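Structure assessment
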Protein chains: 2
Amino acid sequence: MTDDLSESGIATVGLDRFATTLAEAGADVVDVDWTPPESDAIDALTALASEHGHIEAANRTAFDRLVSADAVWRDVRPAAEAIPGMGERTVLHAGPPVTWDRMCGPQRGAVVGAIVYEGWADTPEAARELAATDAVSLAPCHEHRTVGPMAGIVSPSMPVVVVENDTHGNTAYSTLNEGLGEVLRFGAYGEEVVDHLDWMEATLAPVLADTLAAHGGVDLQLLSARALEMGDEVHNRNVAATSLLVRELAPTMATLEGAGEVLAFLESNDHFFLNLSMAACKVGADAAAEVPWSTVVTAMARNGTDFGIRVSGLGDRWFTTTAPVIDGLYFPEYDAADANPDIGDSSIAETTGVGGFAMAGSPSITQFVGGTPADARRFTREMYEVTVGERPTYTIPGLGFRGTPAGIDLCRVLETGIAPVINTGIAHEDPGVGQIGAGVSRAPMACFVDALKAFRTVYLDEGGPDFADAGPEADR
Amino acid sequence: MTDDLSESGIATVGLDRFATTLAEAGADVVDVDWTPPESDAIDALTALASEHGHIEAANRTAFDRLVSADAVWRDVRPAAEAIPGMGERTVLHAGPPVTWDRMCGPQRGAVVGAIVYEGWADTPEAARELAATDAVSLAPCHEHRTVGPMAGIVSPSMPVVVVENDTHGNTAYSTLNEGLGEVLRFGAYGEEVVDHLDWMEATLAPVLADTLAAHGGVDLQLLSARALEMGDEVHNRNVAATSLLVRELAPTMATLEGAGEVLAFLESNDHFFLNLSMAACKVGADAAAEVPWSTVVTAMARNGTDFGIRVSGLGDRWFTTTAPVIDGLYFPEYDAADANPDIGDSSIAETTGVGGFAMAGSPSITQFVGGTPADARRFTREMYEVTVGERPTYTIPGLGFRGTPAGIDLCRVLETGIAPVINTGIAHEDPGVGQIGAGVSRAPMACFVDALKAFRTVYLDEGGPDFADAGPEADR
């Protein structure tokens, strides 16, 4: 562990090393470069919190907003129509902001595919040239109430799911999951990929939209809760949620033209629910954002180059560091040398108390990400140490129906040295090769250190943030 | 426990008493009336087994047949057409043989409903009179390669699922699950019940049959294996299996007339897979039957009056005793005084290594049958003590993907005093009231004692059974 850190800056922890505990690993890092500054900062904040109760009360507010958020899937519409303020030639991407010149291979490949799909360029070569100019605006999904898995590319014509939080009045969006094989989200941009995107636009999206119009909204929180009881962690395992969803929609869908094709696609895709799960998580995270004094983390996201977090009390600012390479289980013929650094917005799952945080309820996920069911239970138990509370409706039967740990508290992460766990697929570093493995990573501590420094500056030196009146409706 | 046994013959064990262990409970019974005879018998058999290896080898053969059996759902057809040798005016019922005069309330109610449904009588009163005469033949489902939940009534016009074991060439049958509410299997026989049976015959059955014809057979073992990883134990919890099944069939079904209605019914019925699971278990149990020298149990079944078992090396003989009342969780307003004694063929699940035997993988089932996930794990662990082996494809993620315990060995049950566990719904003793609770029961030891006595007689005194050439094709 220490070797990895000192030699390459890789901040992930392999399952085989888990027994040495992350606290130890954190302690190593602390010794190198960051203990003194945020130890001071924590002390200062802790003193303030105990004096005024600001932080604890604010975190409770953020947590309550997170877990009381609804997530009702109401529609499927083109991104440009659905997402407020998305420009005509805008391409959204996963993770914190990144420019074309710093973008990783798979994300560049996906941008190229999106430009060809939109018809802004005729060939991948022309698309690549265009992407490097101002003619295409790049922006993070997260800054447009949106989340996308892996490369996370959303272009204006792509259909997105519309997920509404009726409790707090905000909305979130995500693309439709493409299935496995050659897909845009792993940076593939060939003819098949674009043809499949066309099919999704022409057939999948309208059938789903018409089904929802006739059926009414789908309660994604309820589906997630049921799926969590059935071995999904609704990040990398979504087979139960996808099956429950199909069973709920099939009676209505069966009466529509194209139903057979769409049901066959849903039958083939165990991950279909992933993007819906992500939007359900995002709508909750956004509801918890911008609570003054709250140290609750409201986003963890990666673009394959940088890893970034946002913190409720610090609004829409990103705190970023180099995205780590995942020390996971690689498919035959591949190893970590082939891997793209951590990528995707899907860590919104862990940000809101599912995914790696709910692994105890998903022993089968270890067949995908490595480790044993006992490891999975340890990951969840550990996450209770860095979170504000337990989700009341997301329970883990194997832990006596205890709620999943949710609401990552920046201060507790730094106090304990326990970095949030994220389970994830691993993309090849070259566009279009696709998934080459899966594993369990850790959010890099450097983001949390920087966020705490900023928190101290904003609250102790500058008298507080400037978003107090923004409310949950603001784009973030 | 001792009081219950001596005063009322109730041989079940409540979850709250589980910690005292069944071995103790068994020991109490032993002291009363049966230790010496089968202790002698076990000694004699053990000596023979160790001398010749007969029993161990035979049990291994029976176990291998059980776990290597296929279970492919190929068709839905009227019982009279599908089930070989089912007479024109025959009504099959759950459990060991029983005459009308000894039949329990719910089973009588279901017979009355079946007679009205068949049109053999116009009113329930007339049906009741007819049932008491020779004009209607009653026979156990189990003796016609069939299994039915609760009352387990099968009449000639009822559609049954046809499940084939291609490995050994035998077939099993079960009715289609009616869903919840007023249903025949709990002894209801009103107009609604018969109307629903008519709908099942006219709409549900043909849509399913046409779907299977176009889709091909459904691998019920694969579905069960996947569902066991998703918190089902495929006896009282079938939500994952039902959802996976719908997802598999929906693309084909969607193109058929009536699909919307059928998919809506499947959406409403989390237990739809139960009857398929039972037929899949039955086809395996039948494949394991009639192995000379095998002490493996091939049926445990209840008719609400008697509890009976069959043993591989003893062919189609039943060993019966009074059916116990379940000490379970009752719905509000009900208690054990309202309960019908244990009823249904669904304990074919436990007979073949799922249901109560797989409870460790189904922590959520405890919300239905009582107890905690820790109790569920204990039940499964205990069943490893009385079984021949572990099912290779039915695994329990929470126990490190260990196979479920399967192949109940009569000798080990008697040696250890551990009675097989069965989780089950509880019917009201009056016809038509329906389910009033659920719980975990134990197979009564008296059946095992009698079977062992018969085993000794057949193999040590009479030189072996007379079915040696019957093969798995025989009705049993």
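About the cut-offs
In this convention, every chain numbers its residues from 1, walking through the sequence in written order. Each chain takes a letter, starting from A, and each ligand takes a number, starting from 1, following the order in which they are written. For a predicted model such as this one, the threshold for reporting local features is a pLDDT of at least 70, and the threshold for listing and counting side-chain atom pairs is 80 or more; totals across whole chains, interfaces and linings nevertheless cover every residue. The side-chain values count all of the structure's non-hydrogen atoms but skip hydrogen atoms and water molecules. Strands here are runs of E lasting at least two residues and helices are runs of H or I lasting at least four, both read from the DSSP assignment and numbered beginning at the N terminus. In what follows, residue pairs with any heavy atoms lying within 4.5 Å of each other are defined as contacts. Here the open area of atoms and residues is found with the Shrake-Rupley method and a 1.4 Å probe, where only the protein chains shown may cover a residue. Buried area: the sum, over both parts, of the accessible surface (1.4 Å probe) that disappears when the two are put together. Salt bridge, as applied in this entry: a Lys or Arg side-chain nitrogen positioned within 4 Å of an Asp or Glu carboxyl oxygen. Following the grouping adopted for this structure description, the nonpolar residues are Ala, Val, Leu, Ile, Met, Phe, Trp, Tyr, Cys and Pro, the charged ones are Asp, Glu, Lys and Arg, and the polar ones are all others, Gly among them. A helix is expected to span 1.5 Å for every residue after the first. Accessible area is worked out with a 1.4 Å probe on protein chains only. A residue is then buried under 20% of its type maximum, exposed over 50%, and partly exposed in between. By construction, the arc corresponds to the directions joining the helix axis to the C-beta atoms. Whether two aromatic rings pair depends on their centres lying within 6.5 Å, for rings of Phe, Tyr and Trp, where Trp uses its six-membered ring; planes under 30 degrees apart make the pair stacked, over 60 edge-to-face, and the rest tilted.

Re the overall build of chain A
Looking only at helices and strands, one finds 16 helices and 16 strands in chain A. Here the contacts in chain A between residues at least 6 apart in sequence split such that 74% fall between residues at least 24 apart. Carbon together with sulfur atoms contributes 47% to the accessible area of chain A, which is approximately 15700 Å² in total.

Digging into the interface of chain B and chain A
At the interface, 33 residues of chain B touch 33 residues of chain A. Where chain B abuts chain A, roughly 2500 Å² becomes buried across the two surfaces, and 60% of that area is made up of carbon and sulfur atoms. Linking chain B to chain A there are 4 salt bridges. Residue Asp-270 of chain B pairs with Arg-226 of chain A through a salt bridge whose shortest N-O separation is 3.9 Å. Of all the secondary structure elements, the ones that give two or more residues to the side of chain B that touches chain A are α9 (239-253), α10 (259-268), α13 (366-369) and α14 (373-383) of chain B. Ranked by residue count, the leading element in the side of chain B that touches chain A is α9 of chain B, at 10 residues. Grouping the constituent residues of the side of chain B that touches chain A by class yields 16 nonpolar, 9 polar and 8 charged.

A closer look at helix α3 (residues 54-68) of chain A
Residue and element names in this part refer to chain A. Between its first and last C-alpha atoms α3 spans 21 Å; for 15 residues at 1.5 Å apiece the expected length is 21 Å, and the two agree. By the burial criterion, the buried members of α3 are Ile-55, Ala-58, Asn-59, Ala-62, Phe-63, Leu-66 and Val-67. The arc that holds the buried residues of α3, viewed along the axis, is 160°, so those residues lie on one side.

Regarding the packing of aromatic side chains
Under the counting rule described, the total for this entry stands at 10 aromatic pairs over all chains. Plain terms: the ring middles of Trp-199 of chain B and Phe-265 of chain B are 5.3 Å apart, the flat faces sit at 65° to each other, and that makes the pair edge-to-face. Linking Trp-199 of chain B in helix α7 (residues 191-215) with Phe-265 of chain B in helix α10, this pair joins segments that are 66 residues apart in sequence. Across the pair, Phe-265 of chain B and Trp-199 of chain B agree in class, each one buried. Taken together, the aromatic side chains of Trp-199, Phe-265 and Phe-272 of chain A make up a single cluster linked through ring pairs.

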